[in-house]
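Structural description and commentary
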Amino acid sequence: MISYPLSEWMDLAQNAARQAGAILSRRPDHYLHINAFSAGDIKLQADVDSEVLIRKILAPTELPVVGEEQGGEVHLIQGNQPYWVIDPLDGTYNYVRGLPLCCVSIGLMIGKEPLLGVIYDFNHDTLYSAIVGESLYINGHPHAPQWLEDQSQSLLLSSLRYDNRLSKMVPKDFKQIHGAFKKVRFFGTAALSLAWVAVGHAEGYQEYRVHLWDVAAGLALLKSAGGHFHLNWHDDAPFAIDCFASSQKDWMDPAPGHL
Ligand code: LIP
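All of the points below concern the structure found in this document. Since the model is a prediction, treat every value here as computed from it, not as a measurement. (Residues numbered from 1 in each chain as written. Predicted model: local features only at pLDDT ≥ 70, side-chain atom pairs only at ≥ 80, totals over all residues. Heavy atoms only, no water.)

The ligand sits among 14 residues. The nearest are Asp90, Gly91, Thr92, Ala190 and Glu207. With three residues, strand E4 (residues 82–90) is the single largest residue contributor to the shell around the ligand. Classifying every residue of the shell around the ligand gives two nonpolar, five polar and seven charged. (Near = heavy atom within 4 Å. Helix = DSSP H or I, 4+ residues; strand = E, 2+ residues; numbered from the N terminus. Nonpolar A, V, L, I, M, F, W, Y, C, P; charged D, E, K, R; others polar.)

In structure tokens:
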């Protein structure tokens, strides 16, 4: 079995997340330039520049990278080679609106399994990190979540993308999953939502049709904290997935053929 220098890679990932977050939190004018609008989303110069910086800092690892802005090789998800998965700014729309709910997210995966994750909430100078199989840390301090055990009293974090908003057909299991929790919150940042589940602020996160870069680091945090997840991979777009994640394994089994 190959052993990887995960601690070394963790240090680099933390360094990259902190450096990228430091610039994002200063909100330089050019970072707020909107490069593209799509139906339900925007692309900022901040995403582009932040990804360039993170890729540069991670380059000494010589590992392949999948990033929200520059993409990556889709065959990596079938392979057995570690690769970085970067969301240089998760919660882009929150960021441009000045909502302090956004972060830098850097995951390391092998095939479809997370190996480590770093999520930097630069608005609150809070860094979540974990190597799967070891402790979860908040700003360098080990942390164990205290999740609620009764699903009917628990909190689900979720979202709905533009193309499957409530006005359109929603997947069959949407009501079933959402209805099983006491409360549901939509914060517009998948990465931070997963970090908050991992540390115990909530018990579940579920979203249809996000991308691997939105969740890779958060899944590593959740797995190291003892949580569970299931991903449905879409065939029609690279790295598109439905994500079901929770503190308890059987709380979020998607109905078969739910889409
Ligand atoms: C966003 C996610 C959010 C999801 C958005 C988008 P971005 O990522 O974190 O939860 O609902 O559609 O994917 O674009 O801000 O990095």
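The next subject is the sheet that holds strand E12 (residues 204–211). Two modes of strand pairing occur in sheets, parallel and antiparallel, and in both the strands are linked by backbone hydrogen bonds. A sheet is described by the order of its strands in space; here five strands give the open sequence E11-E10-E12-E14-E13, paired in mixed fashion. The open sheet terminates on both sides in strands that have one partner only, identified here as strand E11 (183–186) and strand E13 (228–233). Strand after strand, the sheet turns through a mean of 15° between neighbouring axes, direction not considered. Taken together, the six bridges between E13 and strand E14 (residues 240–246) define a ladder with antiparallel strand orientation. Bridge pairing in E14 links histidine 230 to phenylalanine 244. Lying on the sheet, helix H5 (residues 190–199) is in contact with strand E10 (155–158), E12 and E14; it crosses E12 at an angle near 155°. In the packing of helix H6 (residues 212–224) onto the sheet, contacts are made with E12, E13 and E14, and the angle to E12 comes to roughly 150°. (Pairing = 2+ DSSP bridges. Axes fitted to C-alpha atoms, helices over the stretch in contact; angles between N-to-C directions. Contact = heavy atoms within 4.5 Å.)

Before going further, it helps to examine the packing of aromatic side chains. A full pass over the atoms with the stated rule returns seven aromatic pairs. Taking the centre distance of 6.1 Å and the plane angle of 75° together, the rings of tyrosine 95 and phenylalanine 122 count as edge-to-face. Residue tyrosine 95 is located in helix H3 (residues 92–96), and its partner phenylalanine 122 is located in the loop between strand E6 (113–121) and strand E7 (126–131); the two are separated by 27 residues in the primary sequence. The residues tyrosine 95 and phenylalanine 122 share a single accessibility class, namely buried. By the ring-pair criterion, three or more aromatic residues cluster together here, those being Tyr4, Trp9 and Trp84. In this structure, arginine 27 is placed above the aromatic ring of tyrosine 95, and the distance from its NZ or CZ to the ring centre is 4.8 Å. (Phe/Tyr/Trp six-rings, centres within 6.5 Å; stacked < 30°, edge-to-face > 60°. Buried < 20%, exposed > 50% of the residue type's maximum accessible area, 1.4 Å probe, protein only. Lys NZ or Arg CZ within 6 Å of the ring centre and 35° of its normal.)

The strand order E3-E4-E5-E6-E7-E8-E9 describes an open sheet built from seven strands, whose pairing is mixed. Looking at strand neighbours, the two that pair on one side only are strand E3 (65–67) and strand E9 (141–143), the edges of this open sheet. Geometrically, the sheet is characterised by an average inter-axis angle of 20° between neighbouring strands, direction not taken into account. Bridge analysis of E6 against E7 gives six bridges, and the strand direction is antiparallel.

Time to look at unusual backbone geometry. Phi at arginine 27 takes a positive value of approximately 50°, unusual for a residue other than glycine. Position of arginine 27 among the secondary structure elements: in the loop between helix H1 (6–26) and strand E1 (34–38). Arginine 27 gets classed as partly exposed once you look at its relative accessible area, which sits at 30%. The backbone phi angle of aspartate 125 is positive, close to 45°, even though this residue is not glycine. Note that aspartate 125 resides in the loop between E6 and E7.

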